[in-house]
Amino acid sequence: MDRAEDGRTRLFSGIQPTGEIHLGNYLGAVRRWVELQRDHFGIFSVVDLHALTLPWDPARLRDQVVDTTALLLAAGIDPERSVLFAQSEVPAHAELTWVLTCLARMGELRRMIQFKEKSRGAGESVGAGVLTYPVLQAADVLLYRAAGVPVGEDQRQHIELMRDLAERFNASFGPVFVVPEAWVGEAGARIMALDDPTEKMSKSSPRPGSKILVTDPPDVLARKIRSAVTDSGRDVRAGADKPALTNLLTIYSVVEGVTVTELERRFAGRGYSDFKAALAEAVIEFLRPVRERYEVLVADRARIEDVLAAGARRAAAMAEETMVDVWAATGLGRRRPAYVAPVPELG
Ligand code: ATP
Ligand code: LTN
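None of these values were measured; they are calculated from a predicted model.

### Some remarks on the overall build of the protein chain
Reasoning step 1: Helix and strand content of the protein chain: 12 helices and 7 strands.
Reasoning step 2: Relative to the 2.2 N^0.38 estimate, which gives 20 Å for 347 residues, the radius of gyration of the protein chain is 21 Å and therefore close to what a compact globule would have.
Reasoning step 3: Along the first, second and third principal axes, the C-alpha set of the protein chain runs to 70 × 45 × 40 Å.
Reasoning step 4: Taking all 347 residues of the protein chain together, the buried fraction comes to 50%.
Reasoning step 5: Considering only residue pairs separated by 6 or more positions, the protein chain has 75% of its internal contacts joining residues 24 or more positions apart.
Reasoning step 6: Total accessible area computed for the protein chain in this model is approximately 16300 Å², and 54% of it derives from carbon and sulfur atoms.
Reasoning step 7: Here the protein chain contributes 44 positively and 48 negatively charged side chains, and the mean placements of these two sets differ by 2 Å.

### A look at the site of ligand 2
Reasoning step 1: Residues in contact with ligand 2 amount to 13 residues; listed here are only the nearest, Gln-16, Tyr-133, Gln-137, Asp-140 and Gln-155.
Reasoning step 2: Between ligand 2 and Gln-16, the relevant distance is 3.1 Å, taken from an oxygen atom to a side-chain nitrogen or oxygen of the residue.
Reasoning step 3: One nitrogen or oxygen atom from the side chain of Tyr-133 is found 2.6 Å from an oxygen atom belonging to ligand 2.
Reasoning step 4: Here ligand 2, which alone exposes 370 Å², has 91% of that area covered by the protein.
Reasoning step 5: Counting residues per element, the ones that place at least two in the shell around ligand 2 are strand S1 (10-15), helix H6 (128-142) and strand S4 (148-151).

### Digging into the packing of helix H9 (residues 243-256) against helix H11 (residues 271-298)
Reasoning step 1: One can describe the packing of H9 onto H11 by two numbers: an axis separation of 10 Å at closest approach and a directional angle of 40°. Classified by the angle between their axes, H9 and H11 sit oblique to one another. The way H9 lies across H11 gives a crossing that is left-handed. In this structure, H9 uses Leu-245, Leu-248, Leu-249, Ile-251, Tyr-252, Val-255 and Glu-256 to contact H11, whose residues at the interface are Tyr-272, Phe-275, Lys-276, Ala-278, Leu-279, Ala-282, Val-283 and Phe-286.
Reasoning step 2: Residue composition of the contact of H9 with H11, grouped by class: 13 nonpolar, no polar and 2 charged.

### What about the site of ligand 1?
Reasoning step 1: Every one of the 21 residues lining ligand 1 counts as a neighbour, but Asp-154, Ile-191, Lys-200, Ser-202 and Lys-203 are closest to it.
Reasoning step 2: If you tally residues by element for the shell around ligand 1, the top one is helix H1 (residues 23-36), at 4 residues.
Reasoning step 3: Looking at the shell around ligand 1, its residues break down into 6 nonpolar, 10 polar and 5 charged.

### Here we look at the packing of aromatic side chains
Reasoning step 1: All told, the structure shown has 10 aromatic pairs when counted by the stated rule.
Reasoning step 2: Each ring, one from Tyr-26 and one from Phe-286, has its centre 5.8 Å from the other, and the planes form 70°; the classification is edge-to-face. With Tyr-26 in helix H1 and Phe-286 in helix H11, this residue pair connects regions lying 260 residues apart in the sequence.
Reasoning step 3: Judged by relative accessible area, which is 7%, Tyr-26 ranks as buried.
Reasoning step 4: A centroid spacing of 5.0 Å and a plane angle of 55° characterise the contact between Phe-169 and Phe-173, whose relative ring orientation is tilted. Of this pair, Phe-169 and Phe-173 both sit in helix H7 (residues 156-173), 4 residues apart, which is roughly one turn of the helix.
Reasoning step 5: Residue class for Phe-169 comes out buried when judged on its relative accessible area of 0%.

### Here's the deal with H7
Given 3.6 residues per turn, any residue in an α-helix points the same way as the ones three and four places further on.
Reasoning step 1: With 18 residues, H7 ought to run about 26 Å at 1.5 Å a step, and its terminal C-alpha atoms sit 26 Å apart, in line with that.
Reasoning step 2: Where H7 is concerned, the buried positions are His-158, Ile-159, Leu-161, Met-162, Leu-165, Ala-166, Arg-168, Phe-169 and Asn-170.
Reasoning step 3: Gly-174 sits one or two residues past H7 and shows a positive phi near 105°.

### Digging into the side chain of Gln-114
Reasoning step 1: Structurally, Gln-114 can be placed in helix H5 (residues 113-119).
Reasoning step 2: For Gln-114, the contacting residues outside a window of four places in its chain are Tyr-133, Asp-154, Gln-155 and His-158.

### Examining the side chain of Thr-97
Reasoning step 1: Looking at the secondary structure, you find Thr-97 in helix H3 (residues 92-101).
Reasoning step 2: Judged by relative accessible area, Thr-97 falls into the buried class, the value being 13%.
Reasoning step 3: Here the side chain of Thr-97 touches His-93 through a polar contact of 2.6 Å, landing on its backbone oxygen.

### Let's talk about H9
Reasoning step 1: Over its 14 residues, H9 extends 20 Å from the first C-alpha to the last, a length consistent with the 20 Å expected when each residue adds 1.5 Å.
Reasoning step 2: The buried count for H9 comes to 10 of 14 residues, which makes it a mostly enclosed element.
Reasoning step 3: Those residues of H9 that fall on the buried side of the exposure criterion are Ala-244, Leu-245, Asn-247, Leu-248, Leu-249, Ile-251, Tyr-252, Ser-253, Val-254 and Val-255.
Reasoning step 4: Of the surrounding elements, those touching the buried residues of H9 are H1, strand S6 (192-193), strand S7 (196-200), helix H10 (260-266) and H11.
Reasoning step 5: Directly after H9, the chain includes Gly-257, whose backbone phi takes a positive value near 70°.

### Quick look at the pairing of S1
Reasoning step 1: By the criterion of burial, S1 is predominantly enclosed, with 5 of the 6 residues buried.
Reasoning step 2: In this sheet, strand S2 (residues 41-46) lies alongside S1 in parallel orientation, the contact comprising 6 bridges. When the sheet's bridge partners are listed, Leu-11 is paired in S2 with Gly-42.
Reasoning step 3: Once the chain exits S1 it traverses H1 before rejoining the sheet at S2, and the crossover so formed is right-handed.

About the cut-offs
- Residues numbered from 1 in each chain as written.
- Chains lettered and ligands numbered in written order.
- Predicted model: local features only at pLDDT ≥ 70, side-chain atom pairs only at ≥ 80, totals over all residues.
- Heavy atoms only, no water.
- Helix = DSSP H or I, 4+ residues; strand = E, 2+ residues; numbered from the N terminus.
- Rg over C-alpha atoms; globule rule 2.2 N^0.38 Å.
- Buried < 20%, exposed > 50% of the residue type's maximum accessible area, 1.4 Å probe, protein only.
- Contact = heavy atoms within 4.5 Å.
- Areas by Shrake-Rupley, 256 points an atom, 1.4 Å probe, with all protein chains shown as cover.
- Lys, Arg positive; Asp, Glu negative; His and termini not counted.
- Charge placed at Lys NZ, Arg CZ, Asp CG, Glu CD.
- Near = heavy atom within 4 Å.
- Polar contact = N/O pair within 3.5 Å; in protein donor to acceptor, adjacent residues only side chain to side chain.
- Axes fitted to C-alpha atoms, helices over the stretch in contact; angles between N-to-C directions.
- Parallel < 35°, antiparallel > 145°, perpendicular 65-115°, else oblique.
- Left-handed = near helix turned anticlockwise from the far one by under 90°.
- Nonpolar A, V, L, I, M, F, W, Y, C, P; charged D, E, K, R; others polar.
- Phe/Tyr/Trp six-rings, centres within 6.5 Å; stacked < 30°, edge-to-face > 60°.
- Expected span 1.5 Å × (residues − 1).
- Pairing = 2+ DSSP bridges.
- Right-handed = clockwise from strand over helix to strand, strands pointing away.

Structure below.
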């Protein structure tokens, strides 16, 4: 039990340090974490081990972890009230992944939509990590016995898998894990690409015009929204025949906290360019405070490293409580502390 926990329900969520945080990540995940941490005990991780599933640049990886952490702090994650840490600093994530990998089945991993998408065209040379990565994700959550996992819509299937793994483990070895639930928000859980409303807005997209970055300066952001694809016709309304407008109206409604119907009324007869100009203004004002705080925070790298070191110590202590039970339940035996010299305080 962590000192700040105070009987609050435990939540766990993670974000990859693989690229800059976009509006989809922000509306679907990060913004909700910030709201939820008030009444829940949030454990939030920059999941750098996940970043190794696709080619990465060793010279940049830690900088990306620090930048992502700065963005989470700028968004309002409170590192005292919540636990904020880098996944690779808590070795138990990799250890529990191995145990769960031995319970997972090839068939269930191959069925993951993200595996299908990310392995398309690669044939037999697809990295094994692309297949097993949902097991690492399961370990992330199960280690902390979190009850809820606030994520965007795209992660539902991964949460289903982690529930199956937890139940399978508990049925074979005793009730060690809490079976977690996906907490998918209503609005903003699936923001689509600006240049292709059939695809989700994604960090890994190589097309800059597809995504709004939280750190985009106002002029860049306005240009991206101006160039966003629209549907045929002139009416500003949502509907199955208007996927692009539906996406833009969704963004607007979440950012302004008004309904889509109210926006349709506001923009009736006004055409796309008026609508886009107003939307750009709303998004710029919405993201401005986060971007400004980010610029200050990211300049103080030492402070971010301190936050991560403190977070890793707290996360490791919680993870170890579960690992003692995992070792005992599986017959690996009594878990001794690792045979290494004590680590001096970091920072
Ligand atoms: P990638 O493109 O590499 O899959 P990503 O953009 O999905 O990356 P992640 O770090 O994998 O980013 O996801 C962090 C969180 O953001 C997850 O909870 C995920 O569900 C959420 N998320 C990602 N994309 C969107 C989106 N377009 N709309 C809403 N939520 C999203
Ligand atoms: N796989 C997720 C990121 C992620 C995550 C987690 C989310 C890694 N570990 C644990 C929730 C809980 C993704 O690709 N969006």
